[in-house]
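# Summary of the model geometry
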Amino acid sequence: MKKFIALFALVLSTVAAAESTMIFEVNDDRYYDVAPEFEVNKDLGRAWVNVVLSETTGDSTFYVDNRVKIEGLSYDVASKNIILEKNGEEIVCGSMYNRRWVLDGGRSIRNSGRCKFSVKHAKKQIDNGFEVYSIRVIQVFLNVE
């Protein structure tokens, strides 16, 4: 029983240590699928999050890219890591690697698991000065452990 309580306390402390920040929001009137992913510019040492929105109409699917700049997010050319600097700590969010069976030139990104994305569908209250109404929105969060 003591081991169970200790394990439960450890899980709760890990969950409490995660920090969640909303990085993107869009009206939920047209887009059906949301896929956030890290992208980099190796030459300039920059990294960002690309939120891909896809809309399916009949047999066609349309994609819209949305680049989101995250404060403190960069690409370290020497270590090939995507790093998030937060409160003086460097958190490795992902690393670049070359898939052996695909000639991608080392452009594949492997997430480290410390920076995860979550997508939430919510209702937001809008007050335009005359009336209050609600709209549906899609919110993308970056969860840092």
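Here's what I pulled together on the structure shown here. (Residues numbered from 1 in each chain as written. Predicted model: local features only at pLDDT ≥ 70, side-chain atom pairs only at ≥ 80, totals over all residues. Heavy atoms only, no water.)

### Digging into the packing of aromatic side chains
Evaluated as defined, the whole model comprises one aromatic pair. With a centroid separation of 5.0 Å and 45 degrees between ring planes, the pair formed by Phe-38 and Phe-117 is classed as tilted. Taken together, the positions of Phe-38 in strand 2 (residues 33-41) and Phe-117 in strand 9 (residues 115-127) put the pair 79 residues apart, joining distant regions of the chain. One Lys or Arg, Arg-110, reaches over the ring of Tyr-97 and ends 3.8 Å from the middle of that ring. (Phe/Tyr/Trp six-rings, centres within 6.5 Å; stacked < 30°, edge-to-face > 60°. Helix = DSSP H or I, 4+ residues; strand = E, 2+ residues; numbered from the N terminus. Lys NZ or Arg CZ within 6 Å of the ring centre and 35° of its normal.)

### Some points on the sheet that holds strand 9
What the three strands build is an open sheet, ordered 1-10-9; its pairing is antiparallel. Two strands close off the open sheet at either side, each with one partner strand: strand 1 (19-27) and strand 9. Adjacent strand axes in the sheet meet at a mean angle of 30 degrees when their direction is disregarded. (Pairing = 2+ DSSP bridges. Axes fitted to C-alpha atoms, helices over the stretch in contact; angles between N-to-C directions.)

### Some points on the state of the cysteines
Within this structure, the stated rule accounts for one disulfide. What pairs with Cys-93 in a disulfide is Cys-115, and their sulfur atoms sit 2.0 Å apart. Around the S-S axis, the bridge from Cys-93 to Cys-115 shows a dihedral of about -55 degrees and counts as left-handed. One end of the pair, Cys-93, is in strand 7 (residues 89-97); the other, Cys-115, is in strand 9, and 22 residues separate them in sequence. Take Cys-93 and Cys-115: they sit in the same class, and that class is buried. (Disulfide = S-S within 2.5 Å. Buried < 20%, exposed > 50% of the residue type's maximum accessible area, 1.4 Å probe, protein only.)

### Details of the pattern of salt bridges
According to the stated counting rule, one finds five salt bridges in the structure shown. For the salt bridge of Lys-86 with Glu-19, the shortest nitrogen-to-oxygen distance reads 3.6 Å. A residue pair is termed long-range when its members are at least 10 positions apart, and Lys-86 in strand 6 (residues 81-86) and Glu-19 in strand 1 qualify at 67 residues. Under the relative-accessibility criterion, Lys-86 is labelled partly exposed at 24%. The partner of Glu-145 in a salt bridge is Lys-116, with the nearest N and O atoms 3.9 Å apart. Residue Glu-145 is found in the segment after strand 10 (132-144), and its partner Lys-116 is found in strand 9; the two are separated by 29 residues along the sequence. (Salt bridge = Lys/Arg side-chain N within 4 Å of Asp/Glu carboxyl O.)

The values reported here are purely geometric and, on their own, carry no functional implication.
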